[in-house]
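Structure at a glance
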There are 2 protein chains.
Amino acid sequence: MLENRSCWCRPLPLPPFSPLVAALPETVPFVGPEALERRSGITIRARLGANESGFGPSPRVIAALSEAGADAWRYPDPENHDLRYALGAHLGIPAHAVMPGEGIDGLLSLAVRLFIAPGDVVVTSLGAYPTFNYHVTGFGGVLQFVPYAGHHEDLDQLAAEVRRSKARMVYLANPDNPMGSHWPAPAIAAFIASVPEGCIILLDEAYGETAPDGTLPAIDLDQPNLIRFRTFSKAYGLAGMRLGYAFGHPTLIGGFNRVRNHFGITRPGQAAAIAALGDRPYLESAIAAIGRSRESIAAIARANGLEALPSATNFVTIDCGGDGDFAARVLAELAQRAVFIRKPMAPGLDRHIRVSAAPDAELELFADALPQALRAAYEPG
Amino acid sequence: MLENRSCWCRPLPLPPFSPLVAALPETVPFVGPEALERRSGITIRARLGANESGFGPSPRVIAALSEAGADAWRYPDPENHDLRYALGAHLGIPAHAVMPGEGIDGLLSLAVRLFIAPGDVVVTSLGAYPTFNYHVTGFGGVLQFVPYAGHHEDLDQLAAEVRRSKARMVYLANPDNPMGSHWPAPAIAAFIASVPEGCIILLDEAYGETAPDGTLPAIDLDQPNLIRFRTFSKAYGLAGMRLGYAFGHPTLIGGFNRVRNHFGITRPGQAAAIAALGDRPYLESAIAAIGRSRESIAAIARANGLEALPSATNFVTIDCGGDGDFAARVLAELAQRAVFIRKPMAPGLDRHIRVSAAPDAELELFADALPQALRAAYEPG
């Protein structure tokens, strides 16, 4: 929210929002690092909280973005034609089985809108992606939460809750955010098979590129109730361009054409995504750098007597060894030292903090700040 | 739509869309020039159909876009803080009375979602912005159409239809698209006063910068049922970046925080918009160039015996002197000659074509092609 709510405007009787919207709060699902800087007055020196990629996009992508400026006066292609064909070739599926959108966030909103009427039940894990929950609530869906089983989303209980609640939709991230864990492909395939065909499965693979081989199930467009989501925000290093995509059975994917903002993806964004797909060696080097960075983060955790969980993502989740309040104090102390990190909020997960892979210089700042932050967090007041 | 609908996928019993969505068609409200090129195999040489600005954005904006590439790995600020303050300063209102969005298109979708429940009536002019209609239908609103009065939207009849149908929302563009006409500010103020306060007025001022002085009403945030929309897509020359904004009473504007895609505007886009607002001399030179281009288009029309309507926008609407079929043939003949132009489709408006302001080189192509296209259209077959 903007700080300055003062205004010369009179409070007025305003026309009412629709009944659905009248029940919703004004919210920002994630407070951005820029907002934290504005509030604290502290300029962030290590940006390790948003699971971006400080390794950045391919030099070819930066060149494409630079060239695209001169063409920014033209509307983007509303069909995203070239990008869809590039994505289709990348995935080995027809272009009309893929739909790009304004980040996975934008596509999740549309997917909820496509299938959920007010009162319909949607199942997700307690502590999973809050922006998905925001969109479900925004369209009147009723959330049913399943606790994590340790550090993993609980596939059996998710499927059981779908059947018990007669859910219309279930959300699963593999690899998982915020815990960084993953299920191997056969477990995901068994989960998909265990969900009734009348329930849409949204499988969020935002972190798919950084997962071990064998994590992502083979693509099967004949699966009638599965939509998968990937993004250029993580391994590709393009979070600022808002580029995600969904893929699945063409009839499901075509549904997005009923509701989407057709001109929603920028023209430079389309060019950047195509350039990113064209530079496989850079992607592999970025994935390798992320892998090394994960090891560095785990080593920093161990040097401070903390447990780093195994990660299939571009972040490492660290058990701070205390309760949720303690982890929150560690986070606040890190923020005081110009290190931006986020943490899970759900009971059972909330004793962890989540550190994004990043170049060494930022990790060194984290390594310097962590022991100080832990000491300060042990001695409150 | 993509051409290649063939697929190895089996037709399957798929989970149903929500009842609202099940009734919607798959659609693209505007066929883009790139799609026309793909279908015809003809590369467009004069891009005069989408009311973009071929004069482009400010050099400062192009520089800002070029610099922003290196930062594209960072998520954008979800609060659009700096852009909102810049827009507030530009308009002379508090930042929290302004909401940026993914073009006016994206904001219209959200505005409809905020206020319209299925079955609610929405009033617009017959032949006005089709993308608005798409969003109304998409949320279950029921459209009531009011015919144009000559080349103008009919303010008295729009207000009368709002009262008759007990509408919850009315849409008005001033200046108007597709006719290029405008009402002076006092007429708009009288219209606003004549609409019951329970009906939200969406005032689309996409073409506000190119209108004569005295077209845009003074800003009054105490107006309880008015949301105004402007964009960087027209005079600012940034259609490819998807940057629009809404402003009005802070409680109405705050409503967007209940439903929007918070990370929807790209990071380079936010930087570009701020840079654009900071270069007032360039904007004025672009407006002057658009004005000269309007005169050139009118002269080309007159040289061919056609009437050009007065324009307050970045395009000129030309009466082709025949019926809708004749104008459609002119358009098709121009397309054969690599000149891309669009036309209104509604009865009474459809004998016109609509030519975007553009640099001289493109207008010369139009000047060369128009007499040939008119001759060919007179002699079909």
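Taking an unreviewed UniProt entry as the reference, chain A is identified by name as Histidinol-phosphate aminotransferase belonging to Devosia chinhatensis. According to its UniProt record, chain A has this under Cofactor (unreviewed entry): "pyridoxal 5'-phosphate". Under the UniProt heading Sequence similarities (unreviewed entry), the entry covering chain A gives this text: "Belongs to the class-II pyridoxal-phosphate-dependent aminotransferase family. Histidinol-phosphate aminotransferase subfamily."

Assigned secondary structure in chain A consists of 13 helices and twelve strands. Residues classed as buried in chain A amount to 64% of the 381 residues present. In chain A, of all internal contacts separated by at least 6 residues, the share reaching a separation of at least 24 is 73%. Taking the average place of the 32 positive charges on the side chains of chain A and the average place of its 39 negative ones, the gap between the two points comes to 4 Å.

Another aspect to go through is the interface of chain B and chain A. In this complex, chain B contributes 107 residues to the contact, which on the side of chain A involves 107 residues. A combined buried area of about 9200 Å² lies between chain B and chain A, and 60% of that area is made up of carbon and sulfur atoms. Put simply, A:R38 and B:D77 hold a salt bridge, and the shortest N to O gap is 3.2 Å. Counting the contacts that link chain B with chain A gives 47 residue pairs in polar contact (both at pLDDT 80 or more). Only α1 (19–22), α2 (33–40), α3 (59–68), α4 (81–91), α5 (103–115), α6 (130–138), α9 (250–254) and α10 (267–277) of chain B provide two or more residues apiece to the side of chain B that touches chain A. Counting residues per element, the side of chain B that touches chain A draws most heavily on α5(B), which supplies six residues.

The strands that make up a sheet pair up through hydrogen bonds in the backbone, lying either parallel or antiparallel. Residue and element names in this part refer to chain B. What the three strands build is an open sheet, ordered β9-β10-β12; its pairing is antiparallel. Edge positions in the sheet fall to β9 (307–308) and β12 (352–356), since each has one partner strand and no second. Sheet topology places strand β10 (residues 315–319) next to β12; five bridges connect them, and they run antiparallel. Across the sheet, T317 pairs through a bridge with R354, a residue of β12.

What follows deals with the packing of aromatic side chains. Going through the model one piece at a time under the given rule, you end up with 18 aromatic pairs over all chains. Their ring planes at 40 degrees and their centres at 4.8 Å tell us that B:F326 and B:Y378 sit as a pair that is tilted. Placement of B:F326 in helix α12 (residues 324–336) and of B:Y378 in helix α13 (residues 360–378) is noted, with a sequence separation of 52 residues between them. On the basis of relative accessible area, B:F326 is assigned to the buried category, the value being 5%. Sitting over the face of the ring of A:F139, B:R113 holds its NZ or CZ atom 3.8 Å from the ring centroid. Over the face of the ring belonging to B:F315 we find B:R354, whose NZ or CZ atom lies 5.3 Å from the ring centre.

What follows covers the sheet that holds strand β2 (residues 98–101) of chain A. Residues and elements named next belong to chain A. The strand order β2-β8-β7-β6-β5-β3-β4 describes an open sheet built from seven strands, whose pairing is mixed. Edge positions in the sheet fall to β2 and β4 (142–146), since each has one partner strand and no second. Within this sheet the neighbouring strands show an average axis-to-axis angle of 20 degrees, counted without direction. Direction of pairing for strand β3 (residues 121–125) relative to β4: parallel, over a ladder of five bridges. Residue pairing across strands places V122 opposite L143, the latter belonging to β4.

A word on the pattern of salt bridges. In total, this model carries 30 salt bridges over all chains according to the counting rule given. The salt bridge involving B:R38 is made with A:E79; its shortest N-O contact spans 3.4 Å. A residue pair is termed interchain when its members come from two chains, as with B:R38 in helix α2 and A:E79 in the loop between α3 (59–68) and α4 (81–91). Classification of B:R38 by relative accessible area gives partly exposed; the value is 29%. A relative accessible area of 5% means that A:E79 is categorised as buried. Sharing partners across several salt bridges, the network here consists of A:E34, A:R47, A:E52, B:D71, B:R74 and B:R267.

To continue, consider the UniProt feature "domain: Aminotransferase class I/classII large" (unreviewed entry) in chain A. In the UniProt entry, the feature "domain: Aminotransferase class I/classII large" (unreviewed entry) is given for residues 47–370 of chain A. Strand forms 15% of residues 47–370 of chain A and helix 40%; the C-alpha atoms that close the span are 14 Å apart.

That bond from A:N177 to A:P178 is cis: its omega, 25 degrees, falls within 30 degrees of zero. Summarising the element assignment, A:P178 is placed in the loop between β5 (169–173) and α8 (185–194). The phi angle at B:K166 is positive, at roughly 50 degrees, despite the residue not being glycine. Relative to the elements of secondary structure, B:K166 occurs in the loop between α7 (155–165) and β5 (169–173).

All names here are of chain A. Here helix α7 (residues 155–165) crosses α8 at 10 degrees, and the two axes come no closer than 10 Å. With respect to α8, the axis of α7 lies roughly parallel. From α7, L155, L158, A159 and R163 reach across to α8, where they touch A187, I188, F191 and S194. Taken together, the residues of the contact of α7 with α8 break down into six nonpolar, one polar and one charged.

Before going further, it helps to spend a moment on the domain arrangement of chain A. Residues and elements named next belong to chain A. By the assigned domains, chain A splits into domain 1 (19–55 + 281–378) and domain 2 (59–279). Placing the centre of domain 1 and that of domain 2 at their C-alpha centroids yields a distance of 24 Å. Taken together, the contact between domain 1 and domain 2 spans 31 residues of the former and 34 residues of the latter. For the pair domain 1 and domain 2, the summed buried area comes to about 2500 Å², and 69% of that belongs to carbon and sulfur atoms. In terms of surface lost to domain 2, no three residues of domain 1 exceed L283, A312 and L349, which account for 22% of the buried area on that side. For the interface between domain 1 and domain 2, the tally reads twelve residue pairs in polar contact (both at pLDDT 80 or more). Among the secondary structure elements, those contributing two or more residues to the side of domain 1 that touches domain 2 are α11 (280–303), β10 (315–319) and β12 (352–356).

Rules used throughout
Residues numbered from 1 in each chain as written. Chains lettered and ligands numbered in written order. Predicted model: local features only at pLDDT ≥ 70, side-chain atom pairs only at ≥ 80, totals over all residues. Heavy atoms only, no water. UniProt positions renumbered as here; feature names shortened; annotations may be inferred. Helix = DSSP H or I, 4+ residues; strand = E, 2+ residues; numbered from the N terminus. Buried < 20%, exposed > 50% of the residue type's maximum accessible area, 1.4 Å probe, protein only. Contact = heavy atoms within 4.5 Å. Lys, Arg positive; Asp, Glu negative; His and termini not counted. Charge placed at Lys NZ, Arg CZ, Asp CG, Glu CD. Buried area = accessible area lost by both parts, 1.4 Å probe. Salt bridge = Lys/Arg side-chain N within 4 Å of Asp/Glu carboxyl O. Polar contact = N/O pair within 3.5 Å; in protein donor to acceptor, adjacent residues only side chain to side chain. Pairing = 2+ DSSP bridges. Phe/Tyr/Trp six-rings, centres within 6.5 Å; stacked < 30°, edge-to-face > 60°. Lys NZ or Arg CZ within 6 Å of the ring centre and 35° of its normal. Axes fitted to C-alpha atoms, helices over the stretch in contact; angles between N-to-C directions. Parallel < 35°, antiparallel > 145°, perpendicular 65-115°, else oblique. Nonpolar A, V, L, I, M, F, W, Y, C, P; charged D, E, K, R; others polar. Domains from an automatic or database assignment.

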